[in-house]
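Fold and geometry: a report
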Amino acid sequence: MKIRRLETFCNPYVGFVRVTTDTGAQGWGQVSTYHADITCTVFHRQIAPHALGTDALDFADTLLRINEREHKFPGSYLRRATTGLDTALWDLRGRVEGKPVVELIGGRPGRLRAYASSMKRDITPQDERDRFLRLRDEKGFDAFKWRVGSECGRDADEWPGRTEEIVPLVARALGDGVDKLVDANSCYSPARAIQVGRMLEAEGIGHFEEPCPYWEFQQTKEVTDALSLDVTGGEQDCEFTAWQTMIGMRAVDIVQPDVMYLGGLSRTLQVCAMAQAAGLPVTPHAANLGLVTMCTMHLLRAIPNAGKYLELSIEGPDYYPWQEGLFLGDPFAVDGGHVTIPDTPGWGVDINPDWLDKASYQVSEV
Ligand SMILES: [Mg+2]
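Residues numbered from 1 in each chain as written. Predicted model: local features only at pLDDT ≥ 70, side-chain atom pairs only at ≥ 80, totals over all residues. Heavy atoms only, no water.

Naming follows an unreviewed UniProt entry, where the protein chain appears as Mandelate racemase/muconate lactonizing enzyme family protein of Fertoeibacter niger.

Here it is, written out as structure tokens:
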């Protein structure tokens, strides 16, 4: 079964990929979010020519060859575009074999614990607390992540005193028996991160994400070594050399690959295996309700070193207007703090035909 046609449907935020084989079999995937229109151009220029005509079911070597053919273009854009091919081919294989992707990689469909993940920094501590308590009561979440510092903030806060106010306010409102996570998004110097980390430990927070500029592994390791809570990171890293360094020096306690930034499920499985060999758990980054979260759900029900929970964005149309109406039904419905990986073949989602009708279309074919 050979790849005959590769189509993309995109807007500036989201790009879906449809693969069709010479037998007429099809699969759906997605390139990584943000500037997805640029990524789809990369897809047709630098991915599709190497993939057309190759084996649609046995594609590990095709992914390697793309990197070799495009070796002068390492980094984010090639990986983001490769994700479209990888995720479409996993979906295709699932549909052909009649199995959900999770089963193709050694797991089973079913329920998965999720943590409620806030993306907002412009929210007041009181409003954040109130919506967390509402979500706890309505959806049964028992794990929450909120934001501290400012993004790549050079030690500055979103506004003066916000972090010192929101940490105890939210942590004490949630109380015992709830997992508490915070994300600094590369805000701090090591000295300031350790100072903030001591406050987090005193308030029972167990997960301190991206405390220092993420590319400064040594700075992050300084914080990891100084604190007893889990320091976590890796969402931006898309090259194996970076992962080897980060894992080898134990810069973090928990690794957080993003399936879509990293280049797809195949590459993410490799990073998960590297982490497993080093005894590190994986709590992937999945910050919106595009296909990334469904791919991460399948991954977490399959790998032996899965972390405690799935990241599940709690943001709606005010924050992520572009994620509205991508899929039919509600693939990320939460019940008792859990989502459910469907047992239908492939990723188990149906992309909304109305959304596809409005998208920009490109095709590459043999
Ligand atoms: Mg993060």
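The helix and strand tally for the protein chain stands at 13 helices and 12 strands. For a compact globule of 366 residues, the expected C-alpha radius of gyration is about 21 Å, and the protein chain comes in at 20 Å, within 12% of that figure. Taken over the C-alpha atoms alone, the protein chain extends approximately 60 × 40 × 35 Å along its principal axes. Burial analysis of the protein chain (366 residues in total) assigns 58% to the buried set. Total accessible area on the protein chain stands at roughly 14300 Å², and carbon and sulfur atoms take up 48% of it. (Helix = DSSP H or I, 4+ residues; strand = E, 2+ residues; numbered from the N terminus. Rg over C-alpha atoms; globule rule 2.2 N^0.38 Å. Buried < 20%, exposed > 50% of the residue type's maximum accessible area, 1.4 Å probe, protein only. Areas by Shrake-Rupley, 256 points an atom, 1.4 Å probe, with all protein chains shown as cover.)

Attention now goes to the coordination of the magnesium ion. Here the magnesium ion is held by Asp183 (OD), Glu209 (OE) and Glu235 (OE), and the distances to it run 2.0 to 2.2 Å. Mapped onto the polypeptide sequence, the residues donating to the magnesium ion form the spacing pattern D-x25-E-x25-E. Residue Asp183 is located in strand S6 (residues 179-183), and its partner Glu209 is located in strand S7 (residues 207-209); the two are separated by 26 residues in the primary sequence. Each member of the pair, Asp183 together with Glu209, is buried. (Donors = N, O, S within 2.8 Å, 3.2 Å for Na, K, Ca; no water.)

Before going further, it helps to examine the environment of Glu235. Tracing the chain through its elements places Glu235 in the loop between strand S8 (230-233) and helix H9 (240-248). Considered as a pair, Glu235 and Arg45 are 190 residues apart in the sequence and their alpha carbons are 26 Å apart. With sequence-adjacent residues up to four places away left out, Glu235 is seen in contact with Asp183, Asn185, Glu209, Glu210, Gln256, Asp258, Tyr261 and His285. Looking at Glu235, its side chain comes within polar contact range of the side chain of His285, at 3.2 Å. (Contact = heavy atoms within 4.5 Å. Polar contact = N/O pair within 3.5 Å; in protein donor to acceptor, adjacent residues only side chain to side chain.)

Take the environment of His44 next. Looking at the element boundaries, His44 is found in helix H1 (residues 36-51). Residue class for His44 comes out buried when judged on its relative accessible area of 11%. Through-space distance from the C-alpha of His44 to that of Pro321 is 27 Å; in sequence the pair is 277 residues apart. For His44, the residues in contact, after removing those within four places along its chain, are Leu6, Glu7, Thr8, Pro49, Gln362, Val363 and Ser364.

In contact at an axis separation of 9 Å, helix H5 (residues 125-139) and helix H6 (residues 162-174) are set at 25° when each is read in the N-to-C sense. It follows that H5 is roughly parallel to H6 by the angle criterion. For the crossing formed where H5 meets H6, the hand is right-handed. The segment H5 lies against H6, with Pro125, Gln126, Glu128, Arg129, Phe132, Leu133 and Arg136 engaging Arg162, Glu165, Ile166, Leu169, Val170, Ala173 and Leu174. (Axes fitted to C-alpha atoms, helices over the stretch in contact; angles between N-to-C directions. Parallel < 35°, antiparallel > 145°, perpendicular 65-115°, else oblique. Left-handed = near helix turned anticlockwise from the far one by under 90°.)

Right, let's get into empty space enclosed by the protein. A full pass over the atoms with the stated rule returns two cavities of 30 Å³ or more. Taken as a whole, the largest cavity holds about 80 Å³ of empty space. Every residue lining the largest cavity is counted, 13 residues in all, and those nearest its centre are Tyr214, Thr220, Gly233, Gly234 and Val252. Elements represented by at least two residues in the lining of the largest cavity include exactly helix H8 (217-226) and S8. Of the residues belonging to the lining of the largest cavity, the class tally is seven nonpolar, four polar and two charged. Space inside the second largest cavity adds up to approximately 30 Å³. What lines the second largest cavity is Trp28, Asp91, Arg95, Leu291, Trp347, Val349 and Ile351. (1 Å grid on protein atoms, 1.4 Å probe; cavity = no way out; pocket = protein on both sides within 12 Å on 5 of 7 lines; lining within 4 Å. Points joined across faces, edges and corners; volume = space filled by probe spheres on them. Nonpolar A, V, L, I, M, F, W, Y, C, P; charged D, E, K, R; others polar.)

Turning our eyes to something else, we now look at unusual backbone geometry. Across the chain, the bulk of peptide bonds are trans and the bulk of non-glycine residues have phi less than zero. Even without being glycine, Ser186 reaches a positive phi, approximately 70°. Checked against the element boundaries, Ser186 lands in the loop between S6 and helix H7 (190-202). Within the chain, Glu210 stands out as a residue other than glycine whose phi angle is a positive 45°. By the element assignment, Glu210 lies in the loop between S7 and H8.

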